[in-house]
Amino acid sequence: MHWASATAVVFPALLALCAGQQQRPLSEVKGAGSSQQAGADAPAYRDELLQLLEALVSFPSANGEENEIGQFLVDYLEQAEYQVDIQFLPPPKDFPDVPDRFNVLAWRGDRKSSYKALVTSHIDVVPPHIPWQVEGGEISKHTIIKGRGTTDAKGSVATQIVAVNHLLSTNKDVNPEDIILLFVVGEETTGDGMRSFSGSLKHMDPPLSFQSAIFGEPTENKLACGHKGALFCTAVAKGKDAHSGYPELGKSANELMIRAMDKIFHTDLGSSPLFGNTTFNVGRFDGGVAANVVSAKAFVDLSARVAVGSEKEGHKVVQQKIWDVLRETDEEAFTLDCTHGYGPYECNCDVDGFESIVVNYGTDIPNLDADYVRYLYGPGSILVAHGDHEYITVGDLEKAVDDYQKLILHALSQ
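Residues numbered from 1 in each chain as written. Predicted model: local features only at pLDDT ≥ 70, side-chain atom pairs only at ≥ 80, totals over all residues. Heavy atoms only, no water.

**Structural notes on the UniProt feature "domain: Peptidase M20 dimerisation" (unreviewed entry) in the protein chain**
Then step 1. UniProt's feature table lists "domain: Peptidase M20 dimerisation" (unreviewed entry) at residues 226-330, given in the numbering used throughout.
Then step 2. A helix fraction of 28% and a strand fraction of 37% characterise residues 226-330, whose end C-alpha atoms lie 37 Å from each other. (UniProt positions renumbered as here; feature names shortened; annotations may be inferred. Helix = DSSP H or I, 4+ residues; strand = E, 2+ residues; numbered from the N terminus.)

**Let's talk about the side chain of S295**
Then step 1. The residue S295 is located in the loop between β15 (293-294) and β16 (297-306) in this model.
Then step 2. Residue S295 is classed as buried on the basis of its relative accessible area of 4%.
Then step 3. In this structure S295 touches G239, K240, K251, S252, A253, N254 and G288, once residues within four positions along its chain are discounted. (Buried < 20%, exposed > 50% of the residue type's maximum accessible area, 1.4 Å probe, protein only. Contact = heavy atoms within 4.5 Å.)

**Quick notes on the packing of helix α6 (residues 253-265) against helix α7 (residues 314-329)**
Then step 1. Where α6 contacts α7, the two axes come as close as 9 Å, and the packing angle between them is 140°. Accordingly, the angle class assigned to the pair α6 and α7 is oblique. At the point where α6 passes α7, the crossing takes the right-handed sense. On the side of α6, the interface is formed by L256, R259, A260, M261, K263 and I264, while α7 contributes I322, V325, L326, E328 and T329.
Then step 2. In terms of residue class, the contact of α6 with α7 is built from 7 nonpolar, 1 polar and 3 charged. (Axes fitted to C-alpha atoms, helices over the stretch in contact; angles between N-to-C directions. Parallel < 35°, antiparallel > 145°, perpendicular 65-115°, else oblique. Left-handed = near helix turned anticlockwise from the far one by under 90°. Nonpolar A, V, L, I, M, F, W, Y, C, P; charged D, E, K, R; others polar.)

**Details of the sheet that holds strand β17 (residues 334-342)**
Then step 1. The 4 strands are arranged β14-β16-β10-β17 in an open sheet whose pairing can be described as antiparallel. At either margin of the open sheet sits one strand with a lone partner, and together these are β14 (279-287) and β17. With strand direction ignored, the average angle separating the axes of adjacent strands in the sheet is 15°.
Then step 2. Contacting β10 (229-238), β14, β16 and β17, α7 crosses the sheet at an angle of about 170° to β17. (Pairing = 2+ DSSP bridges.)

Structure representation (structure tokens):
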């Protein structure tokens, strides 16, 4: 994993990665701008914004498929007079043969060691790909745009880029060398993109630091005061198989698991004034071999959205409570393997002109381990993300462009 200089290495490398097929300019991307008709209420940047978002949504970019959208972003940002570096990451464990995937870092002028504001979001999405679709005829603030990533989080990527471009072109008091952009892969799965960037900060030449970071995620155009933590585990119950007509001769792992999960659902896993209650979810349940066999083994993939404890240790409080319930149900039958977790994370939401919100989903904030002030904001609602009806309105996108400019100005003034 390494960062490479855009001026000397990136573009030839990307051409090689895509087997000599150069990424076309935005204006030549199929369909780009074909559905846009500026209305009377249109801000000056509307066409730029919608064409950019349409281009981003046109690229399928689920985990392992981020190569093409990464190439597009490098080309787009270079054409917009940014310097660009890329950071290669290994392929996902489940997709070892995918094309190279990489984070994209962009700035104006010479690369410095310290910036006032990092503006960042993620370019990966959940599957399946959903094409861009605009409802209605003439574009207005009420126009609905559908497609995978319109909300989570290509809407944030597009509005962040346009916000920075517009701010730098209209506000001569802003030093363009105070702002740096970062777009990462892998947020929807393991967070490996942001973790790789975080781990490389001290090893860059020069080392990189920033005073604040603005994370783009769907927050309904409100400034998030923080988000819950998370815990991801697999519980296994071991029993003894037997004929279902003589259940007393066996020990049902399925029954043990059902009883244990029911207890956990009725257990207070912790709460806090800011984040509310810790919630629990059984995402996958598998056990037994047939209806007429007492099950010898049962598996559950579970998760919790953690509302208690510290950022680094809060999930361990919830993990212990879950383990206590499993042992109370049957001290010998259960094992619990937790892959990763973290506690709730607070963000700065004390900025004039913004409504505030607390969100229950996870972000890349826990994966960026550095000393900085956090802001979490983006257009669209998480309630439509990850579903087959993901959408956003033009008005929400345009409000995000204006709000990101306000946030950046606030961050630069601190």
